[in-house]
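Inside the fold
The chain contents come next:
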Amino acid sequence: MKRFHLTVAIAAATLALPALPALAQTAEITIGITTTTTGPGAALGIPERNALEFVPKEIGGVPLKVIVLDDGGDPTTATTNARRFVTESKADIIMGSALTPPTIAVSNVANEAGIPHFGLAPFPITPERMKWSVAMPQPIPIMGKVLYEHMKAHNVKTVGYIGYSDSYGDLWFNDFKAQGVPMGLALADEERFARPDTSVTGQVLKLVAANPDAILVGASGTAAALPQTELRERGYQGLIYQTHGAASMDFIRIAGKAAEGVLMASGPVMDPEDQPDEAATKKPGLALNSAYEAKYGPNSRSQFAGHSYDAFEILKRIIPTALKTAKPGTPEFREAIRQALLSEKELAASQGVYNFTEKDRYGLDERPHGRRDGGPDGRGRRGPHAARHDQGRRPRGRPH
């Protein structure tokens, strides 16, 4: 069986002489990160914060000043944090958040201020948020297509949907309508629930009554285990698909026996060991997981740790380019970062190989890259895999 598949400042001289190179005039690069380390989304935000222990402390000879704030998954708090980065910290780069709604809020602030923003959750990058924002997680259309193809291959005709009553739930529901329905999958029922809800009995009873061939759960983190558990307890025997937002060991821990046979797509960081050597995601994935599990224990690897880790993998490539033309702490440097994001190509990281453009702010595609049947494609997805328990060891999966 294969693994379960479900990232000291140097003070500047007081007087900068014109003849000195730009780097000698540079104190540090400031990066503000707002993530969710408390509340219902903590299972996503804590690994993102933990991964920061394994990222560079300096790039291009310039120290990084990293400021991390908790937003509790609240868009209002995330907005406040982002504004603090702009006004108090004079941040060169902003990252966050771990959940979709606060990530939208952070993107709004970053685009108003003209600061490069790395989203750590999937979020809709509308025209007004497109200039300064990019997203690290795999785009939902790529991950969704994998799930719908699996459904079709397993003779699924009708699908029930239960997801968050917010923007993340909307992203998945809209994608199912945009991709799944044209592929011949019929929607049997749509149900929603709020992230803090402790019961989804009413919604699950309606889904069970509709008796679809499969159910897609548009939720993330440990909260995704709530409908998973309830569906099995209410006797639903069909296929249950979870998104890459649920691809974590915490989900398996919370769902327990109900997680048996769950199908989900995940990023390649969950299993770099089984990737072919030529896969560009293998080396960074192994580096992150080795460091993470050495610190936090066996089987602690995380889809979400890869998001923040990979943002710094990209910065390792683009900051040296930006430093050639501008100094940190200036609008020119922020613009140089933005331009470098577009000019630098094949940005390999643990979760994919990124090629950002003015219109594609996720930067990932479906190009095979050393893909094996049921294995990673080296770009940003893995196929659906069924989670199984192995007496307390890492839950393992079997490709289909």
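Residues numbered from 1 in each chain as written. Predicted model: local features only at pLDDT ≥ 70, side-chain atom pairs only at ≥ 80, totals over all residues. Heavy atoms only, no water.

**Things to note about helix α1 (residues 42-50)**
With seven of its nine residues buried, α1 lies for the most part within the structure. Buried within α1 are the following residues: Ala42, Ala43, Leu44, Gly45, Pro47, Glu48 and Asn50. At its buried positions, α1 is contacted by β2 (29-35), α8 (249-255), α9 (282-296) and α10 (303-323). (Buried < 20%, exposed > 50% of the residue type's maximum accessible area, 1.4 Å probe, protein only. Helix = DSSP H or I, 4+ residues; strand = E, 2+ residues; numbered from the N terminus. Contact = heavy atoms within 4.5 Å.)

**Quick word on the nonpolar core**
Membership of the largest hydrophobic core comes to 84 residues, with the highest contact counts inside it found for Phe118, Phe251 and Leu315. Take this core: its biggest share by element is 10 residues, from α10. With residues up to four places along the chain from it excluded, the contact list for Leu315 reads Ile31, Ile59, Ile93, Met95, Phe118 and Pro320. Of all hydrophobic cores here, the second largest spans nine residues; its members include Leu69, Ala82, Ile94 and Val106. (Core = buried A, V, L, I, M, F, W, Y, C linked by side-chain atoms within 4.5 Å.)

**Focus: the packing of helix α2 (residues 75-87) against helix α3 (residues 100-113)**
Running from N to C, α2 and α3 cross one another at 30 degrees; their axes reach a closest spacing of 8 Å. Here α2 lies roughly parallel to α3, going by the angle between them. Judged by the sense of rotation from one axis to the other, the crossing of α2 with α3 is right-handed. From α2, Pro75, Ala78, Thr79, Ala82, Arg83 and Val86 reach across to α3, where they touch Pro101, Pro102, Ala105, Val106, Val109, Glu112 and Ala113. Its residues assigned to classes, the contact of α2 with α3 shows 10 nonpolar, one polar and two charged. (Axes fitted to C-alpha atoms, helices over the stretch in contact; angles between N-to-C directions. Parallel < 35°, antiparallel > 145°, perpendicular 65-115°, else oblique. Left-handed = near helix turned anticlockwise from the far one by under 90°. Nonpolar A, V, L, I, M, F, W, Y, C, P; charged D, E, K, R; others polar.)

**As for the pairing of β2**
For β2, the buried fraction is high: seven of the seven residues fall into the buried class. Summarising the sheet, β2 and strand β4 (residues 62-70) pair through seven bridges and their orientation is parallel. Note on β4: the bridge partner recorded for Thr30 is Lys65. Relative to strand β5 (residues 93-96), β2 is paired through four bridges, and the arrangement is parallel. Bridging across to β5, Ile31 finds its partner in Ile93. (Pairing = 2+ DSSP bridges.)

**Focus on the packing of helix α4 (residues 140-153) against helix α5 (residues 167-180)**
Geometrically, a packed helix pair is captured by the angle between its two axes and the distance between the axes. At a minimum axis distance of 10 Å, the contact between α4 and α5 shows a crossing angle of 55 degrees. Relative to α5, the element α4 lies oblique. Crossing of α4 over α5 shows right-handed handedness. Taken together, the residues of α5 that come into contact with α4 (itself represented by Ile140, Pro141, Met143, Gly144, Lys145, Leu147 and Tyr148) are Tyr168, Leu171, Trp172, Asp175, Phe176, Gln179 and Gly180. Its residues assigned to classes, the contact of α4 with α5 comprises nine nonpolar, three polar and two charged.

**Quick word on the environment of Ile115**
With respect to the helices and strands, Ile115 occurs in the loop between α3 and β6 (117-119). The class of Ile115 is buried, set by a relative accessible area of 2%. The spatial distance from the C-alpha of Ile115 to the C-alpha of Glu335 is 7.9 Å, given a sequence separation of 220 residues. Discounting residues that sit within four places of it in the chain, Ile115 has contacts with Val86, Ala91, Asp92, Ile93, Ile94, Ala110, Trp132 and Arg334.

**Side note on the confidence of the model for the protein**
Predicted coordinates in regions of low pLDDT should not be interpreted in detail. With 85% of its residues at a pLDDT of 70 or more, the protein has an overall mean of 88. Segment residues 1-26: pLDDT under 50, and 70 contacts once partners within four positions in sequence are set aside and those in other chains are kept. (pLDDT = per-residue confidence, 0-100.)

**Focus on the sheet that holds β5**
Sheet strands associate in pairs through backbone hydrogen bonding, adopting either a parallel or an antiparallel arrangement. An order of β3-β4-β2-β5-β6-β7 is seen for the six strands of this open sheet, with the pairing classed as mixed. Edge positions in the open sheet fall to β3 (58-59) and β7 (133-135), since each of these has one partner strand only. Packed on one face of the sheet, α3 meets β2, β5, β6 and β7 and runs near 170 degrees to β6.

**Overview of helix α11 (residues 331-343)**
Taking 1.5 Å of rise per residue, the 13 residues of α11 would be expected to cover 18 Å, and the 18 Å separating its terminal C-alpha atoms lies within 8% of that figure. Summarising the contacts, the buried residues of α11 are in contact with β2, β5, β6, β7 and α10. (Expected span 1.5 Å × (residues − 1).)

**Things to note about the packing of aromatic side chains**
The tally for this structure, following the rule as stated, stands at seven aromatic pairs. Between Phe54 and Tyr292 the ring centres are 6.1 Å apart and the planes differ by 65 degrees, which places this aromatic pair in the edge-to-face class. On the criterion of sequence distance, the pair formed by Phe54 in the loop between α1 and β3 and Tyr292 in helix α9 is long-range, its members being 238 residues apart. What makes Tyr292 buried here is its relative accessible area of 4%. (Phe/Tyr/Trp six-rings, centres within 6.5 Å; stacked < 30°, edge-to-face > 60°.)

**Digging into the side chain of Arg195**
Turning to its location among the elements, Arg195 is positioned in the loop between β9 (186-193) and α6 (201-210). By relative accessible area, Arg195 is classed as buried at 17%. Looking at Arg195, its side chain comes within polar contact range of the side chain of Asp166, at 2.5 Å. Leave out the neighbours within four places in its chain, and Arg195 touches Pro40, Leu99, Thr100, Pro101, Tyr164, Asp166, Tyr168, Ser220 and Ala223. (Polar contact = N/O pair within 3.5 Å; in protein donor to acceptor, adjacent residues only side chain to side chain.)

**A closer look at the pattern of salt bridges**
All told, the structure shown has 16 salt bridges when counted by the stated rule. Across the pair Arg192 and Glu190 runs a salt bridge whose closest N-O atoms are separated by 3.0 Å. Taking relative accessible area as the criterion, Arg192 reaches 21% and is therefore assigned partly exposed. Several salt bridges share partner residues, and in doing so they unite Asp170, Glu190 and Arg192 into one network. (Salt bridge = Lys/Arg side-chain N within 4 Å of Asp/Glu carboxyl O.)

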